[in-house]
Amino acid sequence: EAKKEAANKIKSKLCESEVAKVEKTKCKELVPKEMLSVAHIQERCPSYKLQSKPSFHRAITCETATENLELKASLSNYAFVDCSSWCIYSLNNPSEISWIWDTTKECWTSTNSCPTFPDEVQYASDLKKKLCNLPCQAPLPASSLSISSIQKKCPNYSSSHSPQYHNAQICGSTSSNEELSFSLANHAFLNCDSECVYSIETPMDKSWKWETKNNCWKISKTCLKNKIETENVFKIQQSLCLKPTSSLIESLKKQRETPIPEDTGLWGDEMTQIDAIEMYEMFSYLSIGFFIVFALIHCFVPPKYEIKSNKLD
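Along each chain, numbering runs from 1 in the same order as the chain's sequence is written. Where totals are concerned, whole chains, interfaces and linings use all residues; where local detail is concerned, this predicted model gives features only for residues with pLDDT of at least 70, and gives and counts side-chain atom pairs only at 80 or more. Calculation of side-chain values draws on the structure's entire complement of heavy atoms; hydrogens and water are dropped beforehand.

### Concerning the packing of aromatic side chains
(1) Moving on: A pair of aromatic rings is counted whenever rings of Phe, Tyr or Trp (Trp by its six-membered ring) have centres within 6.5 Å, and the orientation is called stacked for planes under 30 degrees apart, edge-to-face for over 60 and tilted otherwise. Throughout the structure, instances matching the rule amount to nine aromatic pairs.
(2) Moving on: An angle of 75 degrees between the planes, with centres 6.1 Å apart, marks the rings of Tyr78 and Phe80 as edge-to-face.
(3) Moving on: Each member of the aromatic cluster is reached from another via a ring pair, and the members are Tyr48, Phe56, Tyr78, Phe80, Trp101 and Trp108.

### Describing the state of the cysteines
(1) Moving on: The disulfide criterion used throughout: a pair of cysteine sulfur atoms within 2.5 Å. A full pass over the atoms with the stated rule returns seven disulfides.
(2) Moving on: A sulfur-sulfur distance of 1.9 Å marks the disulfide that ties Cys62 to Cys107. Here Cys62 and Cys107 share a disulfide; its torsion about the S-S bond, 110 degrees, makes the bridge right-handed. Of this pair, Cys62 sits in the loop between α2 (38-44) and α3 (69-76) while Cys107 sits in strand β3 (residues 107-110); the two residues are 45 residues apart in sequence, bridging distant segments of the chain.
(3) Moving on: Each residue's exposure class comes from its accessible area (1.4 Å probe, protein chains only) as a fraction of the maximum for that residue type: buried when under 20%, exposed when over 50%, partly exposed otherwise. For Cys62, a relative accessible area of 19% gives the class buried.
(4) Moving on: By relative accessible area, Cys107 is classed as buried at 8%.
(5) Moving on: The side chain of Cys171 participates in a disulfide bridge whose partner is Cys216; the two sulfur atoms lie 1.9 Å from each other. Note on conventions: DSSP H or I runs of at least 4 residues are helices, E runs of at least 2 residues are strands, and numbering of each starts at the N terminus.

### Section: a nonpolar patch on the surface
(1) Moving on: On the surface, Ile288, Phe291, Ile292 and Leu296 cluster together into a nonpolar patch covering about 420 Å² of accessible area.
(2) Moving on: Classification of Ile292 by relative accessible area gives partly exposed; the value is 45%. Exposure above 30% relative accessible area and the lack of any salt bridge qualify a residue for a patch; like charges then connect within 9 Å, and the nonpolar side chains Val, Leu, Ile, Met, Phe, Trp and Tyr within 5 Å. Computed by Shrake-Rupley with a 1.4 Å probe, the accessible areas treat only the displayed protein chains as cover when residues are assessed. Here, a salt bridge means any side-chain nitrogen of Lys or Arg that lies within 4 Å of a carboxyl oxygen of Asp or Glu.

### Observations concerning the pairing of β3
(1) Moving on: By the bridge criterion, four bridges tie strand β2 (residues 98-102) to β3 in an arrangement that is antiparallel. Counterpart to Asp102 in the pairing with β3 is Cys107.
(2) Moving on: Where β2 folds back onto β3 in an antiparallel hairpin, the turn is made up of four residues, including Glu106, whose phi is positive at roughly 55 degrees. Pairing between strands requires that DSSP locate at least two bridges from one strand to the other.

### Focus: the sheet that holds β3
The strands that make up a sheet pair up through hydrogen bonds in the backbone, lying either parallel or antiparallel.
(1) Moving on: The strand order across the open sheet built from three strands is β1-β2-β3, with neighbouring strands paired in antiparallel fashion. Where the open sheet ends on each side, the last strands, each with one partner, are β1 (87-89) and β3. For this sheet, the mean inter-axis angle between neighbouring strands, taken without regard to orientation, is 35 degrees.
(2) Moving on: Where β1 and β2 come together, three bridges link them in antiparallel fashion. Across the sheet, residue Cys87 finds its bridge partner in β2, namely Ile100. Axis definition: a line fit to C-alpha positions, over the contact stretch in the case of helices; interaxial angles, taken between N-to-C directions, run 0 to 180 degrees.

### Things to note about the confidence of the model for the protein
(1) Moving on: A score between 0 and 100, pLDDT records how confident the predictor is in each residue. With 73% of its residues at a pLDDT of 70 or more, the protein has an overall mean of 80.
(2) Moving on: With pLDDT under 50 throughout, residues 263-277 is counted as low confidence; its partners more than four residues away or in other chains account for 23 contacts. For this analysis, residues touch if any pair of their heavy atoms sits within 4.5 Å.

### Observations concerning the sheet that holds strand β5 (residues 207-211)
(1) Moving on: Read from one edge of the open sheet, three strands run β4-β5-β6, paired in antiparallel fashion. With partners counted over all chains shown, the strands left at the sheet margins are β4 (196-198) and β6 (216-219), one partner each. For this sheet the average axis-to-axis angle between neighbouring strands, irrespective of direction, equals 35 degrees.
(2) Moving on: Across three bridges, β4 lies against β5 in antiparallel orientation. Paired with Tyr198 across the two strands is Ser207, which belongs to β5.
(3) Moving on: Sitting on the sheet, helix α6 (residues 178-185) is in contact with β4, β5 and β6, with an inclination near 105 degrees to β4.

Printed below as a string of structure tokens:
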């Protein structure tokens, strides 16, 4: 009986350790941003009221005077250290994106000062790790496109850079393109030297390529063949809180059903207009080169004639 009792104790301890291990690794479900309300904040801060400041139940930013979806997700999941905190941290990137309460305007404003508090950033980072899935980020509006917004992805970017990511001018047009501006503002290009930019809503169907000669963007089908760049835009698309338009729904459906074509270059099955022009130019240069070589040979190299003897045998 003593041996049996000892074995049961060992078994019980093992079970407890396994349960503790499971509890430790179990992730926390993300609270939907739609849950944000006074009552929801009161679950974390019992004395919180409608008139309380900072207003944790209102995700209004000072920059736009409208609701920010990324901020709303952070508030819904209590991404603040305590009930008197003035700083809210992004669940996606707490060390770089944060908001601070503006007592004058009574709204939340983007700031670089909150990430200077290491304990608070660590708290938000730990919260991020505990979540089973991360919320989407609010997309930047087309109107936010500027040199400074591009520098967030490309720190060394300047107005003399080519391609010009802060310039959303379509070739043949005198004004900026709203859809292209939106894609550029949200960095829908692979790296800081990419000549292709993709539509965030329909990346498999629409893209633009930089024309250095005219300093403008031209609609291009060639870019759509680049599998790596297209997949990069899919990730950007999925990370943003986009409105479920019919175009977006169709695009998401197409991503699941249609494989991205490999880049087949000039000799692909579907030759675009750009490919045809490039091919025509290539053969033109080859023809000119061949003609020049032939002319040089004809002018400077004397022909060889076979001299036959007229002597009789």
